[in-house]
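# A look at the structure
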Number of protein chains: 2
Amino acid sequence: VNLLELPTPALVIDADVLEYNLTAMARVHPGSSLRPHVKAHKCTALAALQREEGHHAFTCATPREVLGMVASGLGDDLLLANEVLDPARLRALAAAQDHARITVAVDSAHTVDAAAAAGIRAVLVDVNVGLPRCGCRPDEAGRIADLARRHGMEVRGVMGYEGHLMVLPDAEDQRNRVDDAMDRLLAAHELVGGPVVSAGGTGTYHLHRRVTEVQAGSYALMDSHYATLGHPFEQACHVYGTVISANPKFAVADVGLKALAMDHGNPTVETLDGQGTDVWFLSDEHVTFVPHTGVAEVGDRVRVGPAHIDPTMTMHEVAWLVRGHDVIDRWAIDLRGW
Amino acid sequence: VNLLELPTPALVIDADVLEYNLTAMARVHPGSSLRPHVKAHKCTALAALQREEGHHAFTCATPREVLGMVASGLGDDLLLANEVLDPARLRALAAAQDHARITVAVDSAHTVDAAAAAGIRAVLVDVNVGLPRCGCRPDEAGRIADLARRHGMEVRGVMGYEGHLMVLPDAEDQRNRVDDAMDRLLAAHELVGGPVVSAGGTGTYHLHRRVTEVQAGSYALMDSHYATLGHPFEQACHVYGTVISANPKFAVADVGLKALAMDHGNPTVETLDGQGTDVWFLSDEHVTFVPHTGVAEVGDRVRVGPAHIDPTMTMHEVAWLVRGHDVIDRWAIDLRGW
């Protein structure tokens, strides 16, 4: 099948670019020094490529992601890097421990107790390193680890996500602030112990020397937001659309805000000869745009670049893997949901 | 099951509020004068309630929505109010014509030819009434209708969506501009003929006297954006979440931007005792917020009100129907995709 025959909107992954990104990251963080985050693609077929690249441990954001990875035989070492209280989902994770190594993040007595009650065997203490989200204070981390150990659980170490530092204009400032955040994480680690110190993301992957593993995910597919940062990764994933209505003033393609995420703003839209466009607005099933030169014709294809890849992936059932214009595989986006 | 025992994030529809909204709209536009838009909820169970309310004709935005409605026995009169060129999907719609009445919007010779080639029997001419999106110029509508008739297709009339006028601050200005838009639509109708003149949406439902049917959809569930407009419909749908991390400064619940649409901005977050909060930001699986009074505790439930309901529905597999705190039904969101 040719790329241009796919029904649209079509989520399309360029195999060459994906492989380039995977290799570029593996050169900096080979093997177990990278714990790829599957929330960024929600696709076990892509995770399998990351394992072929040498990474056997993965990061997940939801129980469904963990269980899907286990079902696909990718359960060597799965970290649920998020707090969960739901007893049913925690029990499902506990049941999967016979087939996989599963570690759950905890940041409070509540989350420790919930994990223990469900039969979870291993936890990581989630430490707040400056992002106002989950994670305990560094000085609380030892108490939480002690509580987990009293419940009989293995405490594998600490994690801390410096999400507020992923995108900063000044490189030196970013380096210093990531260092400060890691000071907090390592202070917590002194109180917690264990072999794992996990942190980072695509925006800071190059700044980590003092952790045992980096949790980057977006590097594999990238998006128009991360693409502006100058990292050596390229956009591997676009949503292809068809021009369904056109006139001399503007054109309309069938890629709307139900086919890509808008939290980071409008996507880019290009014609297939590489011409840029001005994007006017998106509605549920449409994007209205103006090509920079020439006019669009009904039936033309366009390539739409999402501004935020992670939530875009969750909107699609399948991704089409292409090499050039040849469709070489159909990947289920099989880790959606919670 | 009690509402507070649902696994979160949980898409929850309040049956009393939904019924109130359906009845309020049916009083203004009873029976065939309303053609509810299913893109707003993507749920055949909800569409079945709209039919019980007296509306037998529905509007759809995607072939999948049309085919799902047919499969659920709701195919009395389905309008695909969007342009489609994909031959395979058009053929699937044509095949469904033996079990349902299906009408497809066209706005160009290309779309007429594609519909005819697939065996579509009935079309509606989509007219641009000011929104820069699909629709032909009013003076082109007759030519497009003639082309469709030459192909042997029934031309049922015209449609035009004044989406740019849904939300205007001044009521008199809105009324005048909707009138101007309908002048354009009726001018096109003079050239096209046919019994149907279809237009409108939740933001202008009260301003239509000259059309045969109104296409509103959001009125059934509403959202925090439409809720500010003073219409007699209330928010029937929220995403319930659980506080998974909390401290004296802020709290974090498990409703992120993969569980609701962000194109209209941040959602509202309320505690279950009705207390408001300041929403700081959302990430993939989290919302960080500060309750106006008191502090949140880990395990507390929160009620999150999406700013845009249509794309929020597409992010969930199921909605839970509740009356008070009792969960009375589980509805599949079964019209997702294209």
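Quick caveat: nothing in here was measured; it's all calculated off a predicted structure.

## Here's the deal with the overall build of chain A
- Tallying secondary structure elements over chain A gives eight helices and 16 strands in all.
- Here the C-alpha radius of gyration of chain A, 21 Å, is about what a compact globule of 338 residues would show, namely 20 Å.
- Summarising the internal contacts of chain A: among those between residues at least 6 apart in sequence, 66% fall at separations of at least 24.
- Total accessible area on chain A stands at roughly 12,100 Å², and carbon and sulfur atoms take up 49% of it.
- Between the averaged position of the 28 positive side-chain charges in chain A and that of its 44 negative side-chain charges there is a distance of 6 Å.

## Description of empty space enclosed by the protein
- The final tally for this structure, using the stated rule, is two cavities of 30 Å³ or more.
- Of the voids in this model, the largest cavity is the one considered here, and its volume is about 130 Å³.
- Along its surface, the largest cavity is lined by A:Lys258, A:Glu285, A:Met315, A:His316, A:Glu317, A:Arg336, B:Lys42, B:Thr314, B:Arg336, B:Gly337 and B:Trp338.
- Residue composition of the lining of the largest cavity, by class: two nonpolar, three polar and six charged.
- Of the volumes computed, that of the second largest cavity is approximately 70 Å³.
- Taken together, 13 residues make up the lining of the second largest cavity; nearest its centre are A:Met262, A:Met315, B:Ala261, B:Met262 and B:Met315.
- Within the lining of the second largest cavity, the residues separate by chemical class into 11 nonpolar, no polar and two charged.

## Let's talk about the interface of chain B and chain A
- If you look at the interface, chain B gives 52 residues, while chain A gives 52 residues.
- The contact between chain B and chain A buries some 4,000 Å² in all, and 61% of this surface belongs to carbon and sulfur atoms.
- Considering only the surface of chain B that becomes buried against chain A, B:Arg133, B:Lys258 and B:Trp338 emerge as the three largest contributors, covering 18% of it.
- For the pair chain B and chain A, the number of links is four salt bridges.
- Put simply, B:Asp284 and A:Lys39 hold a salt bridge, and the shortest N to O gap is 2.8 Å.
- Seen at the junction of chain B and chain A, the total is 20 residue pairs in polar contact (both at pLDDT 80 or more).

## Structural notes on the pattern of salt bridges
- What the rule picks out here adds up to 40 salt bridges over all chains.
- The salt bridge involving A:Glu270 is made with A:Arg303; its shortest N-O contact spans 2.9 Å. Note that A:Glu270 is positioned in strand β11 (residues 268–271) and A:Arg303 in strand β14 (residues 301–305), a separation of 33 residues in sequence.
- A relative accessible area of 23% means that A:Glu270 is categorised as partly exposed.
- The partner of B:Arg121 in a salt bridge is B:Asp98, and the shortest N-O contact between them spans 3.2 Å. Within this pair, whereas B:Arg121 is found in the loop between α5 (109–118) and β5 (122–126), its partner B:Asp98 is found in the loop between α4 (87–95) and β4 (102–106), the two being separated by 23 residues in sequence.

## A word on the relation of the copies chain B and chain A
- Rotating chain B by 180° and moving it 0.0 Å along the rotation axis overlays it on chain A with an RMSD of 0.0 Å. Such a combination of turn and shift is consistent with a two-fold rotation axis.
- A share of 100% of the interface residues of chain B reappears at the interface of chain A, consistent with the copies meeting face to face through the same patch.

Cut-offs used in this document
Residues numbered from 1 in each chain as written. Chains lettered and ligands numbered in written order. Predicted model: local features only at pLDDT ≥ 70, side-chain atom pairs only at ≥ 80, totals over all residues. Heavy atoms only, no water. Helix = DSSP H or I, 4+ residues; strand = E, 2+ residues; numbered from the N terminus. Rg over C-alpha atoms; globule rule 2.2 N^0.38 Å. Contact = heavy atoms within 4.5 Å. Areas by Shrake-Rupley, 256 points an atom, 1.4 Å probe, with all protein chains shown as cover. Lys, Arg positive; Asp, Glu negative; His and termini not counted. Charge placed at Lys NZ, Arg CZ, Asp CG, Glu CD. 1 Å grid on protein atoms, 1.4 Å probe; cavity = no way out; pocket = protein on both sides within 12 Å on 5 of 7 lines; lining within 4 Å. Points joined across faces, edges and corners; volume = space filled by probe spheres on them. Nonpolar A, V, L, I, M, F, W, Y, C, P; charged D, E, K, R; others polar. Buried area = accessible area lost by both parts, 1.4 Å probe. Salt bridge = Lys/Arg side-chain N within 4 Å of Asp/Glu carboxyl O. Polar contact = N/O pair within 3.5 Å; in protein donor to acceptor, adjacent residues only side chain to side chain. Buried < 20%, exposed > 50% of the residue type's maximum accessible area, 1.4 Å probe, protein only. Least-squares fit on C-alpha atoms with pLDDT ≥ 70 in both.

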